[in-house]
Amino acid sequence: MNQLMYREHLIEHYKNPQNYGHIDNPDFKNKEDNPLCGDEIEIEVKFSTAKERGSTKSKVTTSKVPKIKVTKIKDIKFSGHGCAISQAAASLMTEHMKGKNIEDIKKFSREEMLGLLKVEVTPMRLKCALLAWNVLQNGLRDDKNIRNVPQQEIKPHLRNKKDND
Ligand code: FES
């Protein structure tokens, strides 16, 4: 796709946002605003935890690989209001994060978030493009926003990552 097509793709996400709405009884909830304009986004997540086999990279045969508990995003929704970039970014991010485990969320960097947009974002619009990402990443650093996730999966990985934009 060329830049024009990517722009149209963003506009489509703005006009028809994916995962817009609320989740009954969410396991994660956080809301933040863009201080430059007051626009705000709330993100809600439902997690599911299941036992899965650990890494099979070792020489141990698959049947002997121990099962470990893995918490994944079962459902994720956003709500709120904002400009086309912030809403399209929230739509794209929530699509991308479905089914991801805590490890995936931890590693999901701001560069990857900007990469999802596939268009160049000017410095003036960075706050817009990263609003949803900040809501998710900052929210996961605060225990009061999360439940049904084992503490060892959340801590200490996300504690030291702070976006200073
Ligand atoms: Fe408010 Fe973009 S202008 S989030």
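Note that the coordinates shown come from a computational prediction; the quantities given were computed from them, not determined experimentally. (Residues numbered from 1 in each chain as written. Predicted model: local features only at pLDDT ≥ 70, side-chain atom pairs only at ≥ 80, totals over all residues. Heavy atoms only, no water.)

(A) A look at the pattern of salt bridges. Summed over the entire model, instances satisfying the criterion amount to 8 salt bridges. Between glutamate 44 and lysine 29 there is a salt bridge, with the nearest N and O atoms lying 3.8 Å from each other. Of this pair, glutamate 44 sits in strand β2 (residues 40-53) while lysine 29 is found in strand β1 (residues 28-33), placing the two residues 15 residues apart along the sequence. Of the residues examined, glutamate 44 reaches a relative accessible area of 3% and is grouped as buried. Among the salt bridges present, the one from glutamate 95 reaches lysine 98, with a minimum N-O distance of 3.2 Å. A relative accessible area of 36% means that lysine 98 is categorised as partly exposed. What you see here is one network of salt bridges that share partners, running through Asp27, Lys46 and Arg147. (Salt bridge = Lys/Arg side-chain N within 4 Å of Asp/Glu carboxyl O. Helix = DSSP H or I, 4+ residues; strand = E, 2+ residues; numbered from the N terminus. Buried < 20%, exposed > 50% of the residue type's maximum accessible area, 1.4 Å probe, protein only.)

(B) The sheet that holds β2, seen in detail. The strand order across the open sheet formed by 3 strands is β1-β2-β3, and the pairing between neighbours is antiparallel. Of all the strands in the sheet, just β1 and β3 (67-81) have a single pairing partner and so form its edges. Along the sheet, successive strands turn relative to each other by an average axial angle of 25°, direction set aside. Here β1 runs beside β2; their pairing, made up of 6 bridges, is antiparallel. Looking at β2, one finds that glutamate 32 is bridged to isoleucine 41. Lying over the sheet, helix α2 (residues 84-97) contacts β2 and β3, oriented at roughly 160° with respect to β3. Set on the sheet, helix α6 (residues 131-139) makes contact with β1 and β2; between it and β1 the angle comes to about 130°. (Pairing = 2+ DSSP bridges. Axes fitted to C-alpha atoms, helices over the stretch in contact; angles between N-to-C directions. Contact = heavy atoms within 4.5 Å.)

(C) Main features of the packing of aromatic side chains. Enumeration according to the criterion identifies 1 aromatic pair in this entry. With a centroid separation of 5.0 Å and an interplanar angle of 85°, the aromatic rings of tyrosine 20 and phenylalanine 78 are classed as edge-to-face. Taken together, the residues span a long stretch of sequence, with tyrosine 20 in the loop between α1 (3-15) and β1 and phenylalanine 78 in strand β3 at a distance of 58 residues. Residue class for phenylalanine 78 comes out buried when judged on its relative accessible area of 0%. (Phe/Tyr/Trp six-rings, centres within 6.5 Å; stacked < 30°, edge-to-face > 60°.)

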